[in-house]
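# Chain and residue survey
So the chains spell out like this:
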Amino acid sequence: MWRNINQLIGKTSKTTNVTSVKSNDQIFTNNHHIAETFNDYFSKIGTEFSNRIPPSNKGFEEYLERSVSPVFEFKSVSNDEVETVLTMYADDTNLSVTGESASDIEVRLNTELENVHEWLTANKLTINTEKTEYMIIGSYKRISNIQKEDEIKIRIGDNEIKRVKTTKSLGIVIDEE
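Residues numbered from 1 in each chain as written. Predicted model: local features only at pLDDT ≥ 70, side-chain atom pairs only at ≥ 80, totals over all residues. Heavy atoms only, no water.

Under an unreviewed UniProt entry, the protein has the name Reverse transcriptase domain-containing protein and belongs to Paramuricea clavata.

Summing up its helical and strand segments, the protein has five helices and 10 strands in all. Looking at the protein residue by residue over its 177 residues, the buried ones come to 15%. The contacts in the protein between residues at least 6 apart in sequence include a share of 47% that link residues at least 24 apart. As presented, the protein carries roughly 15,300 Å² of accessible surface, and 51% of it is formed by carbon and sulfur atoms. (Helix = DSSP H or I, 4+ residues; strand = E, 2+ residues; numbered from the N terminus. Buried < 20%, exposed > 50% of the residue type's maximum accessible area, 1.4 Å probe, protein only. Contact = heavy atoms within 4.5 Å. Areas by Shrake-Rupley, 256 points an atom, 1.4 Å probe, with all protein chains shown as cover.)

To continue, consider the pairing of strand β9 (residues 166-169). With four bridges connecting them, β9 and strand β10 (residues 172-175) associate as antiparallel partners. By the bridge assignment for β10, Ser-169 is matched with Ile-172. From the end of β9 to the start of β10, which pair antiparallel, there are two residues, and Leu-170 there has a positive phi angle of about 55 degrees. (Pairing = 2+ DSSP bridges.)

A few words now on the side chain of Thr-132. Relative to the elements of secondary structure, Thr-132 occurs in the loop between α4 (102-122) and β5 (133-134). Apart from residues no more than four positions distant in its own chain, Thr-132 is found in contact with Ile-127, Ile-156, Ile-161 and Lys-162.

In this section: the pattern of salt bridges. A complete count under the given rule lists four salt bridges for this structure. A salt bridge links Lys-44 to Asp-40, with the shortest nitrogen-to-oxygen separation between them at 3.0 Å. Of this pair, Lys-44 and Asp-40 both sit in helix α2 (residues 31-51), four residues apart, roughly one helical turn. Taking the shortest distance from any N to any O, the salt bridge between Glu-160 and Arg-155 comes out at 3.3 Å. What you see here is one network of salt bridges that share partners, running through Lys-153, Arg-155 and Glu-160. (Salt bridge = Lys/Arg side-chain N within 4 Å of Asp/Glu carboxyl O.)

Our next topic: the confidence of the model for the protein. It should be kept in mind that the predicted coordinates are not to be read in detail where pLDDT is low. Model confidence for the protein is summarised by a mean pLDDT of 77, while 77% of its residues fall at 70 or above. For the protein, helix α3 (residues 79-82) is the element with the lowest average pLDDT, namely 55, and strand β2 (residues 26-28) is the one with the highest, namely 91. (pLDDT = per-residue confidence, 0-100.)

The subject of this paragraph is the packing of aromatic side chains. This model, assessed by the stated rule, comprises two aromatic pairs. Note on Phe-38 and Phe-42: the rings are 6.4 Å apart at their centroids and 10 degrees apart in plane angle, and the pair reads as stacked. On the criterion of helical spacing, the pair formed by Phe-38 and Phe-42 is a turn pair, its members being four residues apart in helix α2. Here the aromatic rings of Tyr-41 and Phe-42 are separated by 4.9 Å at their centres, their planes lie at 85 degrees, and the arrangement is edge-to-face. Three or more aromatic residues joined by ring pairs make a cluster, and in this case those are Phe-38, Tyr-41 and Phe-42. (Phe/Tyr/Trp six-rings, centres within 6.5 Å; stacked < 30°, edge-to-face > 60°.)

Quick look at the structure:
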């Protein structure tokens, strides 16, 4: 997806080539050994983590607060619901909203963050606001239209969230352009 977006806006790719890998105090520079080292690591990491979890005799149903209905139904959703996407992976969460203006983005994002904050609080969980950041992604023209006086203020409770121009998500560097 990002390759296609960058191609459309004429942005060249920034590829990083791995030239060496250290494993078990041994450094590998041969491409075959580097690939095997990565393959070995990623093929074992899931099992290693799952082996650290103590066994349980409980079924998943015992963790649910209320009974789950066996009925599945489709419901209509509004454009606002579709324009907000919450993506979770391990302990990383990305919340995406769309908007036509800076104030539109600010209102939507603050509303959704408040919903997430309320849910976390109700479930005795917290957000580390010092690690939380936001970024506006768009074309150079659209981002440059957000003037200093339009600066978006994003908050979780009493904590203002820091705006960044680049971030790393699941090992991929993303910038706002």
